[in-house]
Amino acid sequence: MEPQYKYIGFVGCYTKEGQADPFEASHGGAPHDRSKIGAGVLAIGVSASGNLSFLNSGEPIIKADELPNPSYLCILERSKNSSRPAALRDGGLCIVSEVEKGAFQSFSLCCNQTQSGLDITGSAIGEALETGGSYPCHIISSDVGGDMECIAVCNYGEDEGVLSMFGKGSDSYSRKVCIRFGPGSKADPDRQQTSHAHAASVVTPTFPYSLMDLCCADLGSDAIVQFSMGTDVSSADGEFSFQCVEKGRLAAPPGSGPRSLMMNPVFKNVAVISLELTAQVWLICRLKDGSFKGLGDPVSVLPENWPGESLEEDKFNHGRWASDAVWSPDGKFVYAAARLHNSISVFQFGTYSESVESEGLKLVQRVPTEGLTPRCLCMSECGKFMLVAHQHSHDITSFQRNESNGTIKIKDRLEAPNAACVKLVCPDQIG
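Residues numbered from 1 in each chain as written. Predicted model: local features only at pLDDT ≥ 70, side-chain atom pairs only at ≥ 80, totals over all residues. Heavy atoms only, no water.

### Description of the overall build of the protein
Regarding its fold elements, the protein presents one helix and 30 strands. Here the protein has a C-alpha radius of gyration of 20 Å; the compact-globule value for 431 residues is 22 Å, and the two agree. Expressed as lengths along the three principal axes of its C-alpha atoms, the size of the protein is roughly 60 × 55 × 45 Å. Looking at the 431 residues of the protein, the share that counts as buried comes to 57%. Charge centroids of the protein, computed over 36 positive and 51 negative side chains, lie 4 Å from each other. (Helix = DSSP H or I, 4+ residues; strand = E, 2+ residues; numbered from the N terminus. Rg over C-alpha atoms; globule rule 2.2 N^0.38 Å. Buried < 20%, exposed > 50% of the residue type's maximum accessible area, 1.4 Å probe, protein only. Lys, Arg positive; Asp, Glu negative; His and termini not counted. Charge placed at Lys NZ, Arg CZ, Asp CG, Glu CD.)

In structure tokens form, the structure reads like this:
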């Protein structure tokens, strides 16, 4: 018998009005229904065909009074790693609180089958931890050298972007590293006066020089900042600490605003960058010495000559407001979202090897997301469907994916006010 759910999804939602909208002060924000406000973190079930349904009868598993503005999260799958707090080894969530005094909180998860369906409860582990920056908007988990779990948080920042890293403390996590990024490029005087750490991604390490490499997209300084990670053990108490050294920067086109970065799951030296301010995607590759270079020119995620001066969207940075970009599991296709245009562009990735440059990205399809302000894309591990979190139409949509040609079509929709992020996990990996 087929399991009821192929995946469990967790949806982070803004619980305050007018969040993460660069046009809020100048134009009153992108048009949307402001009467709906997120209630916290929602749990959803996803079938093998991409149908969506609420768990917990649609009630949040983590409410706003527990953690305000829980906009972005990462899922901790089951692990026996002793460097993870014991209460989280059966799986859990790490969630940022995107507020001025940034914080992150970890939660264990408990799953129970009831007559009405699957219920999931979240229990806070320890106290919420200050991130050392403001408006944290991205969080990931990874192991450094296989012996130390690292939680990396990007703080968008009001005065400057900050990258924070956490490791195991006594019973939860504790902050180990806090790196400030300084001034911005000022190419866009409204958005780039200061640095803005927006997303981080783990990169295949360059042994023996690094146990883990981490790259951070800095929207404010038009740069991809690369760090080399290591661990150190205190002889006094046996506790691990992190070593984190900046080892290089790749300059993005001036005024482009790198927003997200994802490494190709097959061609592991290639990454796709979403450029928010110019509404483009850009391929970069890693060289043998560990540094990065661009692969050709960025490619637009918008139709030519859109929006034109007659459309309302033109007043919002001329309609340019890209968000997420993700790879298909086979590494052959890129899916990139454009807010305001509210579409997903599907690109085919050309041949790549260390000796032959990429043929670049070829547009295969551009489809409406069937919602407003697609903020986050989540590709399923099986590659059969993809979920989209819409911040301003207040919903999650699922798309079926043709694995041969990469094209997608709408499958289902579920209401989720102020949805900011959606992540998927196999049910047997939590609770």
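Continuing now.
### Overview of the sheet that holds strand β27 (residues 385–390)
Read from one edge to the other, the open sheet built from four strands follows the order β26-β27-β28-β29, with strand pairing classed as antiparallel. Both outer strands of the open sheet, β26 (374–379) and β29 (408–415), are each paired with one neighbouring strand and no more. Here the average twist between neighbouring strands, direction ignored, is 25°. Pairing analysis gives seven bridges linking strand β28 (residues 395–401) to β29, with the strands arranged antiparallel. Directly across from Gln 400, in β29, lies its bridge partner Lys 409. (Pairing = 2+ DSSP bridges. Axes fitted to C-alpha atoms, helices over the stretch in contact; angles between N-to-C directions.)

### Points about the sheet that holds strand β23 (residues 333–338)
Sheet architecture is open: four strands sit in the order β22-β23-β24-β25, paired in antiparallel fashion. Both edges of this open sheet fall to β22 (322–327) and β25 (361–368), since each of them pairs with a single strand only. Each strand axis lies, on average, 20° off the axis of its neighbour in the sheet, ignoring direction. Pairing analysis gives seven bridges linking strand β24 (residues 343–349) to β25, with the strands arranged antiparallel. Bridge assignment links Val 346 to a residue of β25, and that residue is Gln 365.

### A short note on the packing of aromatic side chains
Pairs of aromatic rings are described using the distance from one ring centre to the other and the angle between the two planes. Evaluated as defined, the whole model comprises eight aromatic pairs. Residues Trp 327 and Phe 349 carry aromatic rings whose centres are separated by 5.2 Å and whose planes lie at 75° to one another, so their mutual orientation is edge-to-face. Residue Trp 327 is found in strand β22, and its partner Phe 349 is found in strand β24; the two are separated by 22 residues along the sequence. Classification of Phe 349 as buried rests on a relative accessible area of 8%. (Phe/Tyr/Trp six-rings, centres within 6.5 Å; stacked < 30°, edge-to-face > 60°.)

### Here's the deal with the environment of Ser 108
Assignment of secondary structure puts Ser 108 in strand β7 (residues 103–114). Remark: the alpha-carbon pair of Ser 108 and Lys 268, spanning 160 residues in sequence, is separated by 32 Å. Excluding anything up to four places from it in sequence, Ser 108 contacts Ala 87, Leu 88, Gly 91, Gly 92, Thr 121, Gly 122, Ser 123 and Ile 125. (Contact = heavy atoms within 4.5 Å.)

### Looking at the pattern of salt bridges
Under the criterion given, the structure shown has 17 salt bridges. Here Arg 34 ties to Glu 17 by a salt bridge, and the two come within 3.1 Å at their closest N and O atoms. Residue Arg 34 is located in the loop between α1 (24–27) and β2 (40–46), and its partner Glu 17 is located in the loop between β1 (7–13) and α1; the two are separated by 17 residues in the primary sequence. The closest approach of N and O atoms between Arg 180 and Glu 160, which form a salt bridge, is 3.8 Å. Within this pair, whereas Arg 180 is found in strand β12 (residues 173–180), its partner Glu 160 is found in the loop between β10 (148–155) and β11 (162–168), the two being separated by 20 residues in sequence. Taking the relative accessible area as the measure of exposure, Glu 160 reaches 23% and is therefore partly exposed. (Salt bridge = Lys/Arg side-chain N within 4 Å of Asp/Glu carboxyl O.)

### Details of the nonpolar core
One finds Phe 10 and Leu 387 to be the most contacted residues of the largest nonpolar core, which totals 51 residues. Met 148, Cys 154, Ile 179 and Cys 216 belong to the second largest nonpolar core, which has 21 residues in total. (Core = buried A, V, L, I, M, F, W, Y, C linked by side-chain atoms within 4.5 Å.)

### Let's talk about the side chain of Glu 98
Relative to the helices and strands, Glu 98 resides in the loop between β6 (92–97) and β7. Despite its burial, Glu 98 remains without a salt bridge, the nearest opposite charge being carried by Arg 375 at 4.6 Å. Within the structure, the side chain of Glu 98 is placed 2.6 Å from the side chain of Ser 71, a separation counted as a polar contact. Dropping the residues within four chain positions of it, Glu 98 is found in contact with Tyr 14, Gln 19, Ala 20, Pro 68, Asn 69, Ser 71, Tyr 135, Pro 136 and Cys 137. (Polar contact = N/O pair within 3.5 Å; in protein donor to acceptor, adjacent residues only side chain to side chain.)

### A short note on unusual backbone geometry
Following Trp 306, the chain continues to Pro 307 via a peptide bond in cis, the omega torsion being 10°. For Asn 69, which is not glycine, the phi dihedral falls at a positive 50°. A positive phi angle, close to 55°, is found at His 318, a residue other than glycine. Here His 318 lies in the loop between β21 (299–300) and β22. Residue class for His 318 comes out partly exposed when judged on its relative accessible area of 45%.

### Observations concerning the environment of Ser 57
Within the secondary structure, Ser 57 sits in the loop between β3 (52–54) and β4 (62–63). Its relative accessible area of 63% is what places Ser 57 among the exposed residues. C-alpha of Ser 57 to C-alpha of Ala 197: the two residues are 140 residues apart in sequence and 36 Å apart in space.

### Looking at the side chain of Arg 191
By secondary structure assignment, the location of Arg 191 is in the loop between β12 and β13 (197–203). Among the polar contacts made by the side chain of Arg 191, one reaches the side chain of Tyr 156 at a distance of 3.3 Å. Filtering out sequence-adjacent residues up to four positions away, Arg 191 remains in contact with Pro 22, Tyr 156, His 196, Leu 219, Glu 276 and Leu 277.

### Comments concerning the environment of Pro 258
Residue position: Pro 258 is located in strand β17 (residues 258–263). On the accessibility criterion, Pro 258 (0% relative accessible area) is buried. Residues Pro 258 and Ala 279, spaced 21 residues apart in sequence, show a C-alpha to C-alpha distance of 9.9 Å. Every residue in contact with Pro 258, bar those within four places of it in the chain, is listed here: His 198, Ala 217, Asp 218, Leu 219, Asp 222, Ala 223, Ile 224, Ala 252, Ile 273, Ser 274 and Leu 275.

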